[in-house]
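What follows is the residue order along each chain.
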Protein chains: 2
Amino acid sequence: MDLNSYCIIMAGGYGNRFWPVSNKRCPKQFSDILHTGKSFIRQTYERISYLFPANRIYIITGEEYDEMTRKQIPEIPRENILLEPYIRNTATCIAYAAYKIQEINPGAIMVVLPSDHFITNDAAYLQDLKAGVEFAGKHGGLLTIGITPTRAETEYGYIQVKNKDNQQKITAVKTFTEKPNAELAQMFYDSDEFLWNTGIFIWKTQDIIQEFKNHMYDLHALFTTDSKLNTPEESSFVRNVYGQCHNISIDVGIMEKSQHVYVLKGNFGWSDVGTWHTFHDLCEKDENNNVSNSPKVILNESHNCIVNVPQRKNVVIQGVDDIIVAEKDNYLMICHRKDENQIKRFEKYFRRKQ
Amino acid sequence: MDLNSYCIIMAGGYGNRFWPVSNKRCPKQFSDILHTGKSFIRQTYERISYLFPANRIYIITGEEYDEMTRKQIPEIPRENILLEPYIRNTATCIAYAAYKIQEINPGAIMVVLPSDHFITNDAAYLQDLKAGVEFAGKHGGLLTIGITPTRAETEYGYIQVKNKDNQQKITAVKTFTEKPNAELAQMFYDSDEFLWNTGIFIWKTQDIIQEFKNHMYDLHALFTTDSKLNTPEESSFVRNVYGQCHNISIDVGIMEKSQHVYVLKGNFGWSDVGTWHTFHDLCEKDENNNVSNSPKVILNESHNCIVNVPQRKNVVIQGVDDIIVAEKDNYLMICHRKDENQIKRFEKYFRRKQ
């Protein structure tokens, strides 16, 4: 792997769609919702450690997760954990990492990975990342990884390719689209022009910085004026910068505007596990299409349920269909699956109450 | 109140229809399911303590509940707690109390009360008990208390009066009927001949003993052969007797057979709180007909639910109708209300697993 390549794992966010199993104290990326024995972020780390040595892996997360990160991934150096004082979405998060690494290595190539995705076929995944790094290093521009849709999913963003007949692994991008409604999603799915947006990005730090300069000059100015990155004052500098940043995603702030965007068609199994619905898709079901995380859960004459409870808990569910039962600590949620989009409201409600 | 009158509170049984809120470790009668601040048995005790001094109140319960009984009702003498080594239904339970008290006072009148019923209008209730004791003392025979039905309930036993035009407070009984099906219950309700069977009985000990002699001679022989009741050997004697007894209710063993059965038409509000359904009837509902035992339970777009959880627990229920959610200790049950009759099976399953 290119010695100038760095991996940035983004581990912000509360995963509030999985409340109460995921919550502010232990967000989704630090949880083992799928009960694999390892948290999402640990899996992400182990997966990419085949490509990157620990000192070229950075994790960027909320400052309240410093200890949890160090505990779950003791391998990486302390200074590779970048702490965000506030949540300011992916544009700010990526800018912080980009400007910091650019100072360390002006020839750096960075791979930006979400910390909480589900990947099958690790070998194909690593091969794709490697090809991406090679492309970004040689060709330049902003490279994303897209996945060929297998259904008209409304919970993912989409990437439209410029020329759908281009059979190359990497092609130019025409548009970025946020989560579509059902009708639009069906059109995207049928058109063969759209890929799912994985939120994985690969570029040279100098290229993304040029794009910040062009499209988000305020942000560029904040990080470059009197920079204290990589000094003992980094933390207070970052706090000051974040205090002045807007909450904008990299997709909206840069990807939708840039003229230099490319997409690599990923060859691996991928899910962002962003909802209980996608969680249900990924898990083994019983004969009534129920998913449960514990052998102590008994489901009688119940169908299409999702149950995620503490392992010690005895649970009986009788004669109920299409519900999500999630318990953690002192919180129990029972939600009809049709109302899944309400869940993040509950998280917000209880977080504010605390 | 007649100085020969005694009150027997029957506190056996597991209340398994309320599992897991009621369970073998703390059955319904010792629980405060209605959240009044007092357990059912404590309420029963306090209610009848206006009629009986503590030394003429007996509690008969499983030997595993000795400590719980003494703790909840410290007022009554230790020797007034009769401990059953096994569950042998009401005929055996009542026989134990009857033969014991008969030895203490051959002229005794006993009032037998279930420990886990819900009563409104205590004054009317006490007045009815007093009238019953007077009747049993003067007239003899087996007196029960019936309640004029207010609906075609299938969960109660029924008492048919001999002459429905008899407007007397106390009348002769024609038949005892176990829980009817819906059609039969409707007929009973429409006929004006049937009363709900409260399971409250009043009789002279010598009268019930005569009936045991006539209809359950085996049981009579067991309790009278070499009786060690009211001696230091009572406990081992009772263990031996119970080991040889059958599991028969007083209704089946005596009341259905006896020619001397009367019913007093009770004038008070009564429910045996035998099911979540009756529990729901008794409790205050929110605007969507939900019943919950805690202000920490949030019910959104949910209807006709019953929620009974620990007071400390934060619960959100979203978009779900007609479910019972009950949690205690390490057990959580979510059951559709149409399947309420399954609940006792769950209790049995987990009791056997322990």
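Residues numbered from 1 in each chain as written. Chains lettered and ligands numbered in written order. Predicted model: local features only at pLDDT ≥ 70, side-chain atom pairs only at ≥ 80, totals over all residues. Heavy atoms only, no water.

**Notes on the relation of the copies chain A and chain B**
At step 1: Relative to chain B, chain A is turned by 180 degrees and slid 0.0 Å along the rotation axis, the superposed coordinates differing by an RMSD of 0.1 Å. Taken together, these values place the two copies in the relation of a two-fold axis.
At step 2: A symmetric contact is evident, with 100% of the interface residues of chain A recurring at the interface of chain B. (Least-squares fit on C-alpha atoms with pLDDT ≥ 70 in both. Contact = heavy atoms within 4.5 Å.)

**Notes on the confidence of the model for chain A**
At step 1: Taken over all residues, the pLDDT of chain A has a mean of 94, while the share at 70 or more is 100%.
At step 2: The complex model carries a pTM of 0.85, and its ipTM stands at 0.84. (pLDDT = per-residue confidence, 0-100.)

**A look at the interface of chain A and chain B**
At step 1: The interface of chain A with chain B comprises 29 residues on the first partner and 29 residues on the second.
At step 2: For the pair chain A and chain B, the two sides together bury roughly 2500 Å², of which 55% comes from carbon and sulfur.
At step 3: When the area that chain A buries against chain B is broken down by residue, the three leading residues are Asn314, Leu332 and Ile334 of chain A, summing to 26%.
At step 4: The tally of links between chain A and chain B comes to 2 salt bridges.
At step 5: The closest approach of N and O atoms between Glu327 of chain B and Lys313 of chain A, which form a salt bridge, is 2.5 Å.
At step 6: Where chain A packs against chain B, one counts 18 residue pairs in polar contact (both at pLDDT 80 or more).
At step 7: Listed by contribution, the elements that provide at least two residues to the side of chain A that touches chain B are β13 (297-300), β15 (314-318), β16 (323-328), β17 (331-336) and α11 (343-353) of chain A.
At step 8: The dominant element in the side of chain A that touches chain B, judged by the number of residues it contributes, is β17 of chain A, at 6 residues.
At step 9: Of the pairings in the sheet, the one linking β15 of chain A to strand β17 (residues 331-336) of chain B comprises 5 bridges and is parallel in character. Paired with Gln318 of chain A across the strands is Cys335 of chain B, a residue of β17 of chain B. (Buried area = accessible area lost by both parts, 1.4 Å probe. Salt bridge = Lys/Arg side-chain N within 4 Å of Asp/Glu carboxyl O. Polar contact = N/O pair within 3.5 Å; in protein donor to acceptor, adjacent residues only side chain to side chain. Helix = DSSP H or I, 4+ residues; strand = E, 2+ residues; numbered from the N terminus. Pairing = 2+ DSSP bridges.)

**Looking at the packing of helix α3 (residues 89-104) of chain A against helix α6 (residues 205-215) of chain A**
Residue and element names in this part refer to chain A.
At step 1: Their axes nearest at 9 Å, the elements α3 and α6 cross at an angle of 130 degrees. With respect to α6, the element α3 is oriented oblique. In this structure, the crossing between α3 and α6 has a hand that is left-handed. Between α3 and α6, the contacting residues are Ala91, Ile94, Ala95, Ala98, Tyr99, Ile101 and Gln102 on the first element and Thr205, Gln206, Ile208, Ile209 and Phe212 on the second. (Axes fitted to C-alpha atoms, helices over the stretch in contact; angles between N-to-C directions. Parallel < 35°, antiparallel > 145°, perpendicular 65-115°, else oblique. Left-handed = near helix turned anticlockwise from the far one by under 90°.)

**Let's talk about the UniProt feature "domain: Nucleotidyl transferase" (unreviewed entry) in chain A**
At step 1: Mapped onto this numbering, the UniProt entry gives "domain: Nucleotidyl transferase" (unreviewed entry) at residues 8-288 of chain A.
At step 2: Along residues 8-288 of chain A the backbone is 37% helical and 21% strand, and the end-to-end C-alpha distance reaches 41 Å. (UniProt positions renumbered as here; feature names shortened; annotations may be inferred.)

**Describing the sheet that holds β17 of chain A**
At step 1: Taken in spatial order, the 6 strands make up an open sheet running β12(A)-β14(A)-β16(A)-β17(A)-β15(B)-β13(B), and their pairing is mixed. What marks the edges here is a single partner per strand, and that holds for β12 (291-292) of chain A together with β13 (297-300) of chain B.

**Some words on the pattern of salt bridges**
At step 1: Scanning all chains against the criterion turns up 41 salt bridges over all chains.
At step 2: Where Lys24 of chain B meets Glu64 of chain B, a salt bridge forms, and the shortest distance between an N and an O atom there is 3.9 Å. On the criterion of sequence distance, the pair formed by Lys24 of chain B in the loop between β1 (5-11) and α1 (40-48) and Glu64 of chain B in the loop between β2 (57-62) and α2 (66-72) is long-range, its members being 40 residues apart.
At step 3: On the accessibility criterion, Lys24 of chain B (34% relative accessible area) is partly exposed.
At step 4: Judged by relative accessible area, Glu64 of chain B falls into the partly exposed class, the value being 43%.
At step 5: Among the ionic contacts, a cluster of salt bridges with common partners joins Lys38, Arg42, Glu46 and Glu75 of chain A. (Buried < 20%, exposed > 50% of the residue type's maximum accessible area, 1.4 Å probe, protein only.)

**Focus on a positive patch on the surface**
At step 1: On the surface, Lys296, Arg312 and Lys353 of chain A together with Lys296, Arg312 and Lys353 of chain B cluster together into a positively charged patch.
At step 2: One can find Arg312 of chain B in the loop between β14 (306-308) and β15 (314-318).
At step 3: Owing to a relative accessible area of 44%, Arg312 of chain B belongs among the partly exposed residues under this scheme. (Patch = residues over 30% accessible without salt bridge, like charges linked within 9 Å, V, L, I, M, F, W, Y side chains within 5 Å. Areas by Shrake-Rupley, 256 points an atom, 1.4 Å probe, with all protein chains shown as cover. Lys, Arg positive; Asp, Glu negative; His and termini not counted. Charge placed at Lys NZ, Arg CZ, Asp CG, Glu CD.)

**Some thoughts on the sheet that holds β14 of chain B**
At step 1: One open sheet holds the 6 strands; their spatial order is β13(A)-β15(A)-β17(B)-β16(B)-β14(B)-β12(B), and the pairing between them is mixed. Where the open sheet ends on each side, the last strands, each with one partner, are β13 of chain A together with β12 (291-292) of chain B.
At step 2: In the sheet, β13 of chain A pairs with β15 of chain A via 4 bridges, with the strands oriented parallel. Directly across from Ile298 of chain A, in β15 of chain A, lies its bridge partner Val316 of chain A.

**What about the pairing of strand β8 (residues 170-177) of chain A?**
Residues and elements named next belong to chain A.
At step 1: Relative to β8, strand β7 (residues 158-161) runs antiparallel, the two being bridged by 4 bridges. Each residue of the ladder has a partner; that of Gln160, found in β8, is Thr175.
At step 2: Pairing analysis gives 3 bridges linking β8 to strand β10 (residues 261-265), with the strands arranged antiparallel. Note on β10: the bridge partner recorded for Thr171 is Val263.

**Describing helix α6 (residues 205-215) of chain B**
At step 1: Of the residues making up α6 of chain B, those classed as buried are Thr205, Asp207, Ile208, Ile209, Glu211 and Phe212 of chain B.
At step 2: Summarising the contacts, the buried residues of α6 of chain B are in contact with α3 (89-104), β4 (109-114), β6 (142-147), β9 (194-204), α7 (217-224) and α9 (250-255) of chain B.

**Some thoughts on the environment of Asp286 of chain A**
Residue and element names in this part refer to chain A.
At step 1: Positionally, Asp286 belongs in the loop between α10 (276-282) and β12.
At step 2: As for Asp286 and Leu299, which are separated by 13 residues in sequence, their C-alpha atoms are 9.3 Å apart.
At step 3: Among the polar contacts made by the side chain of Asp286, one reaches the main-chain amide nitrogen of Asn288 at a distance of 2.7 Å.

**A look at empty space enclosed by the protein**
All names here are of chain A.
At step 1: Considering all chains together, one arrives at 2 cavities of 30 Å³ or more under this definition.
At step 2: The calculated volume of the largest cavity comes to roughly 50 Å³.
At step 3: Forming the walls of the largest cavity are Thr44, Arg47, Leu113, Pro114, His117, Ile119, Tyr125, Ile200 and Trp270.
At step 4: Considered class by class, the residues forming the lining of the largest cavity number 6 nonpolar, 2 polar and 1 charged.
At step 5: Looking at the second largest cavity, its volume works out to about 40 Å³. (1 Å grid on protein atoms, 1.4 Å probe; cavity = no way out; pocket = protein on both sides within 12 Å on 5 of 7 lines; lining within 4 Å. Points joined across faces, edges and corners; volume = space filled by probe spheres on them. Nonpolar A, V, L, I, M, F, W, Y, C, P; charged D, E, K, R; others polar.)

**Details of the packing of aromatic side chains**
Residue and element names in this part refer to chain B.
At step 1: Tallying each qualifying case throughout the model produces 46 aromatic pairs over all chains.
At step 2: Taking the centre distance of 5.2 Å and the plane angle of 10 degrees together, the rings of Trp19 and Phe350 count as stacked. Taken together, the residues Trp19 in the loop between β1 and α1 and Phe350 in helix α11 (residues 343-353) connect sequence positions 331 residues apart. Neither residue differs from the other here; Trp19 and Phe350 are each classed as buried.
At step 3: Where Tyr96 meets Tyr242, the ring centres are 6.2 Å apart and the plane angle is 75 degrees; that geometry is what we call edge-to-face. Of this pair, Tyr96 sits in helix α3 while Tyr242 sits in helix α8 (residues 234-244), and the two are 146 residues apart along the sequence. (Phe/Tyr/Trp six-rings, centres within 6.5 Å; stacked < 30°, edge-to-face > 60°.)

**Looking at the pairing of strand β6 (residues 142-147) of chain A**
All names here are of chain A.
At step 1: When you tally the buried positions in β6, you get 6 out of 6 residues, the bulk of the element.
At step 2: Side chains Leu142, Thr144 and Gly146 of β6 all project onto a buried face; the interleaved residues Leu143, Ile145 and Ile147 project onto the opposite face, where all are buried too.
At step 3: The sheet contact formed by β6 and β10 spans 5 bridges and is parallel. Within the sheet, the bridge partner assigned to Leu142 lies in β10 and is Val261.
At step 4: Relative to strand β9 (residues 194-204), β6 runs antiparallel, the two sharing 4 bridges. Directly across from Leu143, in β9, lies its bridge partner Ile202.

**Concerning the state of the cysteines**
Residues and elements named next belong to chain A.
At step 1: All chains considered together, the criterion is met by 0 disulfides over all chains.
At step 2: The thiol of Cys93 is unpaired, and the distance to the nearest cysteine sulfur, on Cys245, comes to 11 Å.
At step 3: Judged by its relative accessible area of 5%, Cys93 falls in the buried class.
At step 4: No disulfide involves Cys283; its nearest neighbouring cysteine sulfur is the one of Cys305, lying 14 Å away. (Disulfide = S-S within 2.5 Å.)

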